[in-house]
Structures are given as structure tokens and as C-alpha cells.
Amino acid sequence: MPGSASPTDEATPRPPEHVRRFARPVRWVHRSTAGLMLLCIATAACLYVPQLAELVGRRYLVVTLHEWSGLLLPVPVLIGLVSRALRADLGRLNRFAPYDMRWLRSVLRRDGALREAAKFNAGQKVYAAWIAGASLVMLGTGLLMWFTHLTPLVWRTSATFVHDWLALTAGIVIAGHVGMALADPEARRGMRTGSVSREWAEREHPRWKD
């Protein structure tokens, strides 16, 4: 009959309009880590900016919150390692492919070339590696500053210098990360709900096979 679907059409299932991007444990780790990091940055600003210090007051409470938020920063990731989904995503973030290098070169040259990416693009991989390393260095230098009786003065002075400047750099990098997330509503939706549109996934991450 005219207009009726053929048997072939009925036998071929339509692909879903949305695809699963992040499992619930992955989203929980991201939110928990982001919350601790933002608390750490906010309390650091209150300790180092005189105007904020005068506005907030209660320096002892601010110092305590800063110390414990920094100390707890690795905990969500360590807990989340029980999740197979998180371990798989960490493995993807830790692998660079030839198309990732082409992606980075295209960004640096701003040549407008097609930028191929799997589940994570090269920029996300670089950011994840940098912020993980920076967090560990800040945790180590923070512990040297906290337990002053364990190390000589020159160690504590060096740790303070590295901690302060790395924290400032991390704040700038994280602000850039947040800015890019605000510019991409679909990416935020993926982290918020766990799903993204298939059109966005095929356009932004054409090598993503999941």
C-alpha cells in the first residue's frame, strides 16, 4: 500500500536520539571533586586577598576549611575507583592517539581543520592530566606547610612558594575550564544527566564508539 513502511524499514531499528555519556559514579566523582576544589579555592582567596579576609573574618575557620578540603580532594576519586565506568574513563583520559596530536596542533594553529576526538578530546586529556598533577603537588606542599615541625625552614619556604603560585595558576586554569563548559550546554547536560544528543556526540566526538 502507498505510504506503508516496508518490511526492511520495520526490521531496522532507529538509533536512539540520545546516548549515554557518563555513568552515575563518574558524575558523583566529578561533582564531589569540583565542590572540594571550589571550596579550597574560595578559602584560599579569603586567606590571601586582604579585602576578602576582612569581609569574611573568622580566619581560623577559613584555615580549617581550606586544609581539610585540600586534604579530602583525592578521596572522591579513590572511592570512585570501585566503579568500572570511572576506571574506563580514566583509562581513556590517559591514552593519547595520533588524532589527539592533530587536534592539539589544529587548536594551536587555529586553522579551522576538522578536529577528531574519541570520548574525550585532547584538550580534556591535557586538562585532566595537569589538574591531577597540580592537585597532588598542592597536597604535598600543603602538608609541608601544615606540619611545620617535620621539615626545615628552607623546605617550608620553598613549599609555600610553589603552593601559592601553583594555586593561582590552578585557579586560572579552572576558570577557563568552567568558561568552556558554560559555552557548551550539551556538554554540561552530559555531566548533569549522563546523556547527550547523538547529533552532538557525532559532531564533537566522531571517534567515540560507545
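Residues numbered from 1 in each chain as written. Predicted model: local features only at pLDDT ≥ 70, side-chain atom pairs only at ≥ 80, totals over all residues. Heavy atoms only, no water.

### Regarding helix H10 (residues 185-193)
Point 1. Along H10, the residues classified as buried are Glu186, Gly190 and Met191. For H10, the arc enclosing every buried residue in end-on projection is 140 degrees, short of the 170-degree limit, so these residues lie on one face.
Point 2. Looking one or two places after H10, you find Gly194, whose phi comes out positive at around 95 degrees. (Buried < 20%, exposed > 50% of the residue type's maximum accessible area, 1.4 Å probe, protein only. Helix = DSSP H or I, 4+ residues; strand = E, 2+ residues; numbered from the N terminus. Arc of directions from axis to C-beta.)

### A word on helix H2 (residues 24-48)
Point 1. Taking 1.5 Å per residue as the helical rise, H2 with its 25 residues ought to reach 36 Å, and the 36 Å between its terminal C-alpha atoms agrees with that figure.
Point 2. Taken as a whole, H2 has its buried residues at Val26, Arg27, Val29, Ser32, Leu36, Met37, Cys40, Thr43, Ala44, Cys46 and Leu47. (Expected span 1.5 Å × (residues − 1).)

### Some remarks on the packing of aromatic side chains
Point 1. What the rule picks out here adds up to three aromatic pairs.
Point 2. With a centroid separation of 5.3 Å and 20 degrees between ring planes, the pair formed by Trp146 and Phe147 is classed as stacked.
Point 3. Phe147 gets classed as partly exposed once you look at its relative accessible area, which sits at 35%.
Point 4. Among the aromatic side chains, those forming a connected cluster through ring pairs are Trp68, Trp146 and Phe147.
Point 5. Above the face of the Trp208 ring, Arg21 is positioned so that its terminal group lies 5.1 Å from the ring centre.
Point 6. In this structure, Lys125 is placed above the aromatic ring of Phe96, and the distance from its NZ or CZ to the ring centre is 5.7 Å. (Phe/Tyr/Trp six-rings, centres within 6.5 Å; stacked < 30°, edge-to-face > 60°. Lys NZ or Arg CZ within 6 Å of the ring centre and 35° of its normal.)

### Overview of the side chain of Arg21
Point 1. With respect to the element layout, Arg21 can be found in the loop between strand E1 (18-20) and H2.
Point 2. Buried within the structure, Arg21 lacks any salt-bridge partner; its nearest side chain of opposite charge belongs to Asp89, at an N-O separation of 7.8 Å.
Point 3. Discounting chain neighbours no more than four positions away, the residues touching Arg21 are Lys119, Phe120, Gln124, Gly194, Ser195, Val196, Trp200, His205 and Trp208. (Lys, Arg positive; Asp, Glu negative; His and termini not counted. Salt bridge = Lys/Arg side-chain N within 4 Å of Asp/Glu carboxyl O. Contact = heavy atoms within 4.5 Å.)

### Points about the confidence of the model for the chain
Point 1. For the chain, the average pLDDT comes to 87, and 91% of its residues sit at 70 or higher.
Point 2. When pLDDT is averaged over each element of the chain, helix H5 (residues 75-80) comes out on top at 95 and helix H1 (residues 7-11) at the bottom at 51. (pLDDT = per-residue confidence, 0-100.)

### Side note on the environment of Val62
Point 1. By secondary structure assignment, the location of Val62 is in helix H4 (residues 59-71).
Point 2. When its relative accessible area of 9% is taken as the criterion, Val62 is described as buried.
Point 3. With 16 residues separating them in the primary sequence, Val62 and Cys46 have C-alpha atoms 7.4 Å apart.
Point 4. The residues touching Val62, leaving out its near neighbours within four places in the chain, are Thr43, Cys46, Leu47, Val56 and Gly57.

### Brief notes about the nonpolar core
Point 1. Counting six residues, the largest nonpolar core is built from Phe22, Val26, Val29, Leu86, Phe120 and Met191.
Point 2. With near-sequence residues (within four places) excluded, Phe120 lies in contact with Arg21, Phe22, Asp89, Arg92, Leu93, Asp100, Lys125 and His205. (Core = buried A, V, L, I, M, F, W, Y, C linked by side-chain atoms within 4.5 Å.)

### Quick word on the packing of helix H8 (residues 122-146) against helix H9 (residues 153-182)
Point 1. At their nearest, the axes of H8 and H9 sit 9 Å apart, and the two run at 150 degrees to each other. Taken together, the axes of H8 and H9 lie roughly antiparallel to each other. Note that H8 runs across H9; the crossing there is left-handed. Contacts between H8 and H9 pair Tyr127, Trp130, Ile131, Ala134, Val137, Met138, Thr141, Gly142, Leu144 and Met145 from the former with Arg156, Ala159, Thr160, Val162, His163, Leu166, Ala167, Thr169, Ala170, Val173, Ile174 and His177 from the latter.
Point 2. Looking at the contact of H8 with H9 residue by residue, the classes come out as 15 nonpolar, six polar and one charged. (Axes fitted to C-alpha atoms, helices over the stretch in contact; angles between N-to-C directions. Parallel < 35°, antiparallel > 145°, perpendicular 65-115°, else oblique. Left-handed = near helix turned anticlockwise from the far one by under 90°. Nonpolar A, V, L, I, M, F, W, Y, C, P; charged D, E, K, R; others polar.)

### Section: the state of the cysteines
Point 1. Under the definition given, this model contains zero disulfides.
Point 2. Sulfur of Cys46: no disulfide; nearest cysteine sulfur belongs to Cys40 and is 12 Å away.
Point 3. Assessed through its relative accessible area of 16%, Cys46 is described here as buried. (Disulfide = S-S within 2.5 Å.)

### Some points on the pattern of salt bridges
Point 1. Per the counting criterion, the structure on display carries seven salt bridges.
Point 2. Of the charged contacts in the structure, one is a salt bridge between Asp89 and Lys119, with a shortest N-O distance of 2.9 Å. In this pair, Asp89 sits in helix H6 (residues 84-93) while Lys119 sits in the loop between helix H7 (98-109) and H8, placing the two residues 30 residues apart along the sequence.
Point 3. When its relative accessible area of 4% is taken as the criterion, Asp89 is described as buried.
Point 4. The class for Lys119 is buried, based on a relative accessible area of 6%.
Point 5. Between Lys125 and Asp100 there is a salt bridge, and its shortest N-O distance comes to 2.7 Å. In this pair, Lys125 sits in helix H8 while Asp100 sits in helix H7, placing the two residues 25 residues apart along the sequence. Residue Lys125 shares its accessibility class with Asp100, and that shared class is buried.

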